[in-house]
Amino acid sequence: MFEVIGERINTSRKNVQAAVADRNAEYIIDDVKKQQAAGAHYIDVNAGARIGHEVEDMRWLINTIEPIATVPLCLDSPDPALLEMAFQMVNKSPMINSISLEKERFDAMIPFLTGKECKVIALCMDDAGMPASSDNILGRATRLVEALNKIGIKTENIYIDPLVQPISTDITKGVMVLNAVRAIKAKFPQVHISGGLSNISYGLPQRKVINRTFITLMMDSGMDSAIIDPLDPKIMATIKTADMLLGNDNFCGNYLRGVRAGTIES
Amino acid sequence: MADFNAMTEALVSCDEAKVIQLVNAALADNVPAFDILNRGLIAGMDIVGEKMENGDMFIPEVLMAAQTMGNCVKILKPLLKEGESASSGNVIIGTVKGDLHDIGKNLVAMMMESAGMTVYNIGVDIAPEEFVKQIKDKDAQIVCLSALLTTTMPMMKKTVDAIKESGLRDKVKIMVGGAPVTQTFSDEIGADGFAPDAGSASKLAKSLLN
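Residues numbered from 1 in each chain as written. Chains lettered and ligands numbered in written order. Predicted model: local features only at pLDDT ≥ 70, side-chain atom pairs only at ≥ 80, totals over all residues.

A. The sheet that holds strand β3 (residues 142–146) of chain B, seen in detail. Residue and element names in this part refer to chain B. Taken together, 5 strands build an open sheet; the order of strands is β2-β1-β3-β4-β5 and the sheet is parallel. Two strands lie at the open edges of the sheet, namely β2 (118–126) and β5 (193–194), each paired on one side alone. Pairing geometry for strand β1 (residues 90–96) and β2, over 6 bridges, is parallel. Residue pairing across strands places Gly94 opposite Gly123, the latter belonging to β2. The strands touched by helix α6 (residues 128–138) within the sheet are β1, β2 and β3, with β1 carrying the most contacts at an inclination of about 165°. (Pairing = 2+ DSSP bridges. Helix = DSSP H or I, 4+ residues; strand = E, 2+ residues; numbered from the N terminus. Contact = placed C-beta atoms within 7 Å. Axes fitted to C-alpha atoms, helices over the stretch in contact; angles between N-to-C directions.)

Next up, the structure:
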């Protein structure tokens, strides 16, 4: 089953930043409820955009969201101290966004994750910079899975982000990541694949059609979750349709429900 | 006689074959290489930069035009006269320490080079001391700092401060850029300029050199 991580509670979004600055709980609660109703399996919470305010903003957001959350939160920050605070505030075991192989980040996150029961997004980024080939991505994914397994995080709790890069800068970037995902899933059948999609279309016009088409290709390669806007009906419809086409929808049930509800249309 | 308009148009339409044909024709007509470079090619890339700023041209097209530009510069550079420089100034560009993003930075570097500046693209994860060293070594008039993460934006301030402490502040103009960076932030940290995209960055750099 494809898992949707709702991306909307992010202070880099103008309206969210304003709501957080004004401590407008109603706005945040309304948005989270809508994401949940639209089928989000996790709600990502990122308070990083207001520099110097990240800790209080995160605390306020979790206090506001946790009472009405029907799904687990995805705690989105590079700061392990902040993540520790947030971790203690939630009831349902959260997803942690994220760890990478960049030395400083890795060294800070491993102690935080050791012994914790949670899911974790693992970025295929290391100090050498952006990955340059499918093999490069696979190598990084392997190091991440092995390092996380070592501290007790099971493979099925790991969500590898293969780092989607813009196709506008290099026409081979799509196939590079698609092949990487295939290789990662072949090597680690239990691992999940996730990430944001919008990078693929950076620098090109009509981005949404690119993102929607890309997600179907990624799903065929093995991507089984994504950080997206659940209130975007077209991308949600695309995901349901692709899920059905890939054999994950008994008697096309979800698809037909979507059509009858008016959320899927040609 | 050279038809500089035809040259700029061909460059903007990303018609490499046509641009090279026009460049060679102009050279055969004894048009100075310096004029071809400035009035045919750099002028064309200025238009490309503006179109990029306006959303009329997109990254792949800009890359194509820059590639054509680069191929023409190879033809013209050896033909420039003594003392004629292909360069309007030295620019250092890098992503600040802790940040590994480079796509935008590379586009800016490419646009600035196409605009006639000598660009030293020193890479990603660059410490303040390294920026200072490079400014000295390359005798740079402009230094461009890139950051794509809110967590690495403070490093831009540290870099500006390091440049001040090294006594180089008056010798170099500092530009900042990257998705989360704003004019307000640029003003706050004491930079000389901010640009939201590669086209406007190149234009701003040119004006700072004058």
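B. Just the sheet that holds strand β1 (residues 3–10) of chain A, in detail. All names here are of chain A. Spatial strand order, β7-β6-β5-β4-β3-β2-β1-β8: 8 strands in an open sheet with parallel pairing. Strands at the two margins of the open sheet, each flanked by one partner only, are β7 (192–193) and β8 (225–228). Two elements, strand β2 (residues 42–46) and strand β3 (residues 73–76), share 4 bridges in a ladder whose sense is parallel. Within β3, the position partnered with Val45 by the bridge is Leu75.

C. Spotlight on the interface of chain A and chain B. With 13 residues of chain A at the interface, the matching set in chain B holds 10 residues. Along the lines of polarity and charge, the residues of the side of chain A that touches chain B split into 8 nonpolar, 5 polar and no charged. (Nonpolar A, V, L, I, M, F, W, Y, C, P; charged D, E, K, R; others polar.)

D. Examining the packing of helix α3 (residues 54–65) of chain A against helix α4 (residues 80–89) of chain A more closely. Residue and element names in this part refer to chain A. Running from N to C, α3 and α4 point in directions that differ by 15°, and their axes come no closer than 10 Å. Between α3 and α4, the interaxial angle falls into the category roughly parallel. The two elements α3 and α4 cross, and the hand of that crossing is right-handed. Contact residues: Glu54, Val55, Met58, Arg59 and Ile62 in α3; Leu82, Met85, Ala86 and Met89 in α4. Taken together, the residues of the contact of α3 with α4 sort by class into 7 nonpolar, no polar and 2 charged. (Parallel < 35°, antiparallel > 145°, perpendicular 65-115°, else oblique. Left-handed = near helix turned anticlockwise from the far one by under 90°.)

E. Region of the structure containing the domain arrangement of chain B. Residues and elements named next belong to chain B. Per the domain assignment, the segments of chain B are domain 1 (4–79) and domain 2 (90–209). Taking only C-alpha atoms into account, the centre of domain 1 sits 26 Å from that of domain 2. Listed as interface residues are 10 residues of domain 1 and, on the opposing side, 12 residues of domain 2. Those elements that place two or more of their residues in the side of domain 1 that touches domain 2 are α3 (33–54) and α4 (59–76). In terms of residue count, the dominant contributor to the side of domain 1 that touches domain 2 is α3 (7 residues). Tallied by class, the residues present in the side of domain 1 that touches domain 2 amount to 6 nonpolar, 1 polar and 3 charged. (Domains from an automatic or database assignment.)

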